[in-house]
Amino acid sequence: MSDEWPPEAVDYVQAVADTKLLLSHRYAQWMLSSPVLEDDIAGASAAQDELGHVRQLFRLLGQQGRDDDWLEGDRSPAEFANAAPLDENPETWVEFVVTLGFVERAAWYLLDAIVHEDFDGLGTRIGQDEFFHLEFLDGRLETLADERADEVTEAMASALPGVLAFLGPAAYDEETDPLVAAGFTDRPAAVLRSSFRAKYDELLDGTPVSLADVDIDWDAPAADAWDERRRRVGEGTVSEEDVTALSGVRNAEFAMD
């Protein structure tokens, strides 16, 4: 292990790890509700992969002083720093594909931007999994954009503000992003946001759906309204029921040492 990370870097990795934990949970919740068996299988595989990523990130966070029991779920809903769109389980297949696709790509962009030596090799291994997850979700999004354009546009308008907040304020550029200044990442939030939008502009080109038609404030959130620790705006949280499921307390007596 290298030297201690800056406090803002610990929060950054915590947010990615918590988001991946919730991604795994949402994939698992939809595992038997997808339109076809192939989607169920893909979701089950992604859930397992995401949980593996979480274990590796929790290991690094433990080396930075985070308590293992706290990381594993012995905390209140407000102490989770997951991307806001994952606070609730998507209600429809369209919402699932849009929300999980957006959030998973944002989490990958944040992780891929880390250049600290503690992540040498880890980003490559996670990136191999992410390639297949996002290929699956991108393919489903393109199909839905052709078949259910209005529903996709509505789902994007709902998810995008929280995803953009998760990526960080647009005002954080090369000179003002504290993680770039600390040498922990090589790309500021502004670049991650523009890369994210460019990817979906490319992906949706040729479909009836366009990000240009999504009625949101693309410059939000303002830096002074943004919660840096939880990478969001506002006080929303996952539910107590989700925390109970994530912590495994209901069946703790059967846990293997």
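Higher on the page you've got the structure.
Values in this document were obtained by computation on a predicted structure and should not be read as measured data.

Asker: Just checking my understanding: could you explain the overall build of the chain for this structure?
Answerer: Along the backbone of the chain there are 9 helices and 0 strands. Order of helices (α) and strands (β) in the chain, N terminus to C terminus: α-α-α-α-α-α-α-α-α. For the chain, whose C-alpha radius of gyration is 18 Å, the value lies close to the compact-globule estimate of 18 Å for 257 residues. Expressed as a percentage of the 257 residues in the chain, the buried residues total 49%. Across the chain, every contact between residues at least 6 apart in sequence was considered, and the portion connecting residues at least 24 apart equals 80%. For the chain, the centre of its 19 positive side-chain charges and the centre of its 56 negative side-chain charges are spaced 2 Å apart.

Asker: In this structure, what is going on with a negative patch on the surface? I would like to understand it.
Answerer: Together, Asp3, Glu4, Glu117 and Asp120 make up a region of like negative charge exposed at the surface. Among the residues examined, Asp3 registers a relative accessible area of 65% and is labelled exposed.

Asker: Sorry if this is basic, but what is going on with the pattern of salt bridges here?
Answerer: For side chains of opposite charge, pairing can occur when their charged atoms come near one another. One pass over the structure, following the stated rule, counts 11 salt bridges. Of the charged contacts in the structure, one is a salt bridge between Arg66 and Asp11, with a shortest N-O distance of 3.1 Å. Here Arg66, found in the loop between α2 (37-63) and α3 (68-71), pairs with Asp11, found in helix α1 (residues 7-29); they are 55 residues apart in sequence, far enough to count as distant. With a relative accessible area of 22%, Arg66 lands in the partly exposed category. Asp87 is the salt-bridge partner of Arg232, the closest N and O atoms lying 2.8 Å from each other. Of this pair, Arg232 sits in the loop between α8 (189-204) and α9 (240-247) while Asp87 is found in the loop between α3 and α4 (93-112), placing the two residues 145 residues apart along the sequence. Residues Arg232 and Asp87 agree in their burial class; the two are buried.

What counts and what doesn't
Residues numbered from 1 in each chain as written. Predicted model: local features only at pLDDT ≥ 70, side-chain atom pairs only at ≥ 80, totals over all residues. Heavy atoms only, no water. Helix = DSSP H or I, 4+ residues; strand = E, 2+ residues; numbered from the N terminus. Rg over C-alpha atoms; globule rule 2.2 N^0.38 Å. Buried < 20%, exposed > 50% of the residue type's maximum accessible area, 1.4 Å probe, protein only. Contact = heavy atoms within 4.5 Å. Lys, Arg positive; Asp, Glu negative; His and termini not counted. Charge placed at Lys NZ, Arg CZ, Asp CG, Glu CD. Patch = residues over 30% accessible without salt bridge, like charges linked within 9 Å, V, L, I, M, F, W, Y side chains within 5 Å. Areas by Shrake-Rupley, 256 points an atom, 1.4 Å probe, with all protein chains shown as cover. Salt bridge = Lys/Arg side-chain N within 4 Å of Asp/Glu carboxyl O.

Function cannot be inferred from these measures alone, as they are strictly geometric.
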